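Architecture and fold: a report
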Amino acid sequence: MAAGQPAASPCMSTIAGRINGRSKSRINIWTALAMATAVLALLPVGTLAVMAAADTGHLWSHILVHVLPHATRNTVTLLVGAGILATMIGTGAAWLVSAYDFRGRGFLEWALLLPLAVPTYIMAYAYLDILSPLGAIQGGIRWMLGYSSPREFRLPDIRAMWGAILIFGFVLYPYIYLTTRAMFLTQAANVVEVARTLGVKRSGIFWRVALPLARPAIAVGVSLALMEALNDVGATQFLGVRTMTASVYSTWINRGDLPGAAQIALAMLVVVVALIVVERWARRNQRFSHSAQRARPMQPVRLSGIKALIAFSFGFLPILVGFAGPFIYLVWSALKRIEHNGISAAIVRATVNTVTVSSAATVAVLVLGFAAAYAARLRPGTLSNAVMRTASLGYAVPGTVLAIGILIPVAWFDRSLDGLLRNTIGVSTGLLLLGSGAALVYAYAARFMAISVGGIEAGLSRIPASYDQAARTLGRDATGTFFGIHLPLSRTALTAAGLLVFVDCMKELPATLLLRPLNFESLSTLLYGEAARGVYEDASLAALIIIVIGILPVILLARMGTAEPHKAARP
Amino acid sequence: MSRQISIKALAAASLIALSAAAPAVSAEVNIYTTREPGLIQPLLDAFTAETGVTVNTVHVQDGLVERVSAEGESSPADVLMTVDFGNLIELVTAGLTQPVQSEALEAAVPAALRDPEGNWFALSGRARAVYLPIESDIEAITYEELADEEWRGRLCIRSGQHVYNTALFAAYMAHHGEDATRTYLENLKANQARPAAGGDRDGARDIAAGVCDIAIANTYYYGHMASGSSGEEQKGWSDAIKVILPTFENGGTLVNVSGAGVAAHAPNRDEAIQLLEYLASEPAQKIYAEANFEYPVNPAAEVHPIIASFGELNIDGTSLTEILPYRARASELVDEVNFDSFEN
């Protein structure tokens, strides 16, 4: 559920709508595809709604009295804390590498994205071990202070709310860094210069100009980050922080009350949607329009000496905590493991499976997400906007619950097809979608559509409507405008969305566990299976591969970000 | 018209081809399991080696009932396997299993550990035990005593909502009733040394690290750690602890089971029964004991020496079936005392 990037001004939209209105047949293809996307996203949510309609007895009196007070307090504390921390790190780091130039800035620019490749549950486990009283860090501190046993001296246990906030903040900040940096790169230069001309001090620019300007970008990044935090079950389970999502699980798993779990999940969905609507409403009077002039990158201030060192240290801290720490830990444990057992064939197969399914899902998410966003550009209005938001719903539902919502209609389809063919021509198809892994692709698509729709929508909004007008004046038809203008100009946004979605698919666990076919292990299920029986060293190799494969898209993402302002403006 | 005929002819031809091809395909059996694949793989490999039947598996953590019932009669599942008795019975209650009559199974699995109708069979057992520092001089303890004031702020336990714990609390409720269980949970919560989180092995690690002085955990984890099969680091944790089999005041030790049944729409019913018979047989039960450190259900197989060192297992008289109705209420009580929010 990405909240909006700057929308084109109403006047531009009308013109764009009128221009494209001439060739309705073209638009209808996009609209139809957009509608189909919305239906696919709505299907699991609708299934949950039907399930939720069952009578759940005294569930809500139990929830309201015994669960909601604590779970809400925990969830809100975690989300607000992690949200603030991630925003501070993400926005601060983006400003640091945009407004200042110092030795090492080029490295920080891309390396700041690296924590994206680390799943939160791996991060939590790694720190639990690194900071354990039996670990090297606490051992070293005890040695320096002259204590011999952890019984005499221990650091505070990170299995606490503050530990969870730190971990989520440091692993999720790249979502905000990514969106705000793009904003600073493409938009800030002119505004900053105007502000300077008007007498705003350099120190005041960040707070008075850059931050308000970045608000839509921060909103997008924060909503993605918080949705990840909200739907987490692994890290919070390690850290002993009980959120609403954990309550959904115990209602379903321990009390066998699936309708009840569906009700809680839907109630959470309503709250999330309401928050996003409120945020958009609060920004309703702000307009961020874009001129067709070539966007100029900001002229950074050159730092040297001790100032440059301080700047670099500030920029390096999030990478150290959010990436280098867990990465080195995993390399170390994986090496111990390989030395012991070698690399199994199973892990190679799992890697192939993971990359195959994630790639297929990424393609599906991009095509459908583009359709939803493009239809809304061609025919702006309440309906196309609603379609776009609906397509993004899946991101706000906990993974396993969404998977159940997908399982039921997909299995129904498989069963009906199988039955039909068996009765008519006597051939059994078995489970077509569930058995082939297509159900997994569907689940990933439904879950991560928000990332693609949000990113592409933002990318399309950066293409000024005057380009459409010019193209049409010069005789291009709708198809020509699409291939000549919109597609090439959204390439950056498409690639960025694709890379993010791919990394997220690789990390996905709950839906994969429920919907995979026989004999299918992905890296995350392999990791989970090993971790579930407490053999974390075996799991570390799978975790390491997830991160290593994730690094490549992340670096591509970062390189693209740097190139963006120059490319985006070239028609 | 002619096109219709040719489609029918084609369908018929492919049907013949399919049915002709079927016997050539080697026999196979499909397992849906909530057990971690790593734990059962040695058993399945041994089964394939002995019978030539290929085993396909999928590890479904949560939602096994939902998945199998959604797949209906098209489901390829032959054997449904769970790590917890409650989950096993859920499958039976949902009508997803079928009765199996097998003399081999009836001979191998004691009557109390299988359904009289043959819908489910227990395959291995694990006791809910207590870990203590190796230097502790405590030799015996009851589940009731874990709530004593003596242990304020000294106990490690995983989430109260984990099925291993709800099973324990449900057993407590079967023994002492609801009000006593609520008090018990309140006291256990007051005894927590850290949040109720992580897994059972964390109890061993936290005792080694001095975070707690007592932990509630399953027996086989100790076997995995102490045997060195989980690496040097965990061997170190197990060196710092010892294991005691607690009992209820008027009863014995809580033993949960892993088990399996044949799926209602099993396409390979014969192979499914063959697999269950194998899993209950003496050689497979030895693997359960040797590789997994579980209690075998077949009396012919012996427990691993590490597990035997805990002493005689005196299984609680209240059966798992009797405990089952208290599960949901136990889970609610965990919420009511806010067990998983650490405030000490």
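Here is what the cut-offs are and how they apply
Residues numbered from 1 in each chain as written. Chains lettered and ligands numbered in written order. Predicted model: local features only at pLDDT ≥ 70, side-chain atom pairs only at ≥ 80, totals over all residues. Helix = DSSP H or I, 4+ residues; strand = E, 2+ residues; numbered from the N terminus. Buried ≥ 20, exposed ≤ 12 C-beta atoms within 10 Å, placed from the backbone. Contact = placed C-beta atoms within 7 Å. Domains from an automatic or database assignment. Expected span 1.5 Å × (residues − 1). pLDDT = per-residue confidence, 0-100. Pairing = 2+ DSSP bridges.

A few points about the overall build of chain B
Across its full length, chain B holds 15 helices and ten strands. Each of the three principal axes of chain B carries a C-alpha extent, and together these read 85 × 40 × 35 Å. Split into buried and exposed, the 344 residues of chain B put 56% on the buried side. Counting only contacts in chain B whose residues sit at least 6 apart along the sequence, the fraction spanning at least 24 positions is 77%.

Re the overall build of chain A
Secondary structure summary: chain A contains 24 helices and two strands in total. When burial is assessed residue by residue, chain A has 55% of its 571 residues classed as buried. Expressed as a percentage of contacts within chain A between residues at least 6 apart in sequence, the contacts between residues at least 24 apart total 84%.

Focus: unusual backbone geometry
All names here are of chain B. With a phi angle near 60 degrees, F293 is a residue other than glycine that sits in the positive phi range. Tracing the backbone through its elements, the reader meets F293 in the loop between α12 (282–292) and β10 (295–296). In this model, N338 sits at a positive phi of 60 degrees, which is unusual for a non-glycine residue. Structurally, the position occupied by N338 is in the segment after α15 (327–336). The exposure class of N338 is partly exposed, given the 19 C-beta atoms found within 10 Å.

Considerations on the domain arrangement of chain B
Residue and element names in this part refer to chain B. Domain annotation for chain B reports domain 1 (2–124 + 257–302) and domain 2 (126–254 + 309–336). Here the C-alpha centre of domain 2 lies 31 Å away from the C-alpha centre of domain 1. At the interface, ten residues of domain 1 touch eleven residues of domain 2. With three residues, the single largest contributor to the side of domain 1 that touches domain 2 is helix α4 (residues 85–93).

Description of helix α11 (residues 269–280) of chain B
Think of an α-helix as 3.6 residues a turn; residues three or four steps apart then line up on the same face. Taking 1.5 Å of rise per residue, the twelve residues of α11(B) would be expected to cover 16 Å, and the 17 Å separating its terminal C-alpha atoms lies within 8% of that figure. Among the residues of α11(B), E271(B), A272(B), I273(B), L275(B), L276(B), Y278(B), L279(B) and A280(B) are the ones counted as buried.

A word on the confidence of the model for chain A
All names here are of chain A. Averaged over all residues, the pLDDT of chain A is 83; the fraction at 70 or higher stands at 89%. Predicted confidence is poor over residues 1–26, with pLDDT under 50, and the contacts of this stretch with residues over four places away or in other chains come to 58 contacts. Scored below 50 in pLDDT, residues 564–571 shows 19 contacts in the model against residues more than four places distant or in partner chains.

Thoughts on the pairing of strand β5 (residues 121–133) of chain B
Every other side chain in a regular strand lies on the same face of the sheet, so the side chains alternate between the two faces. Residues and elements named next belong to chain B. Within β5, twelve of the 13 residues are buried, leaving the element largely enclosed by the surrounding structure. Pairing analysis gives two bridges linking β5 to β10, with the strands arranged antiparallel. By the bridge assignment, S124 is partnered in β10 with P296. In this structure, β5 lies alongside strand β7 (residues 214–218), joined through four bridges in antiparallel fashion. The partner of Y131 across the bridge, within β7, is A215. As paired elements, β5 and strand β8 (residues 241–244) share four bridges and run antiparallel to each other. Its bridge partner lying in β8, Y131 is registered against V243.

Observations concerning the confidence of the model for chain B
Reading predicted coordinates in detail is not appropriate for stretches of low pLDDT. Residue and element names in this part refer to chain B. Within chain B, residue pLDDT values average 90, and 92% of them lie at 70 or more. Taken as a whole, residues 1–24 scores under 50 in pLDDT and shows six contacts with residues more than four places along the chain or in a different chain. If you check the scores for this complex, the pTM reads 0.83 and the ipTM reads 0.79.

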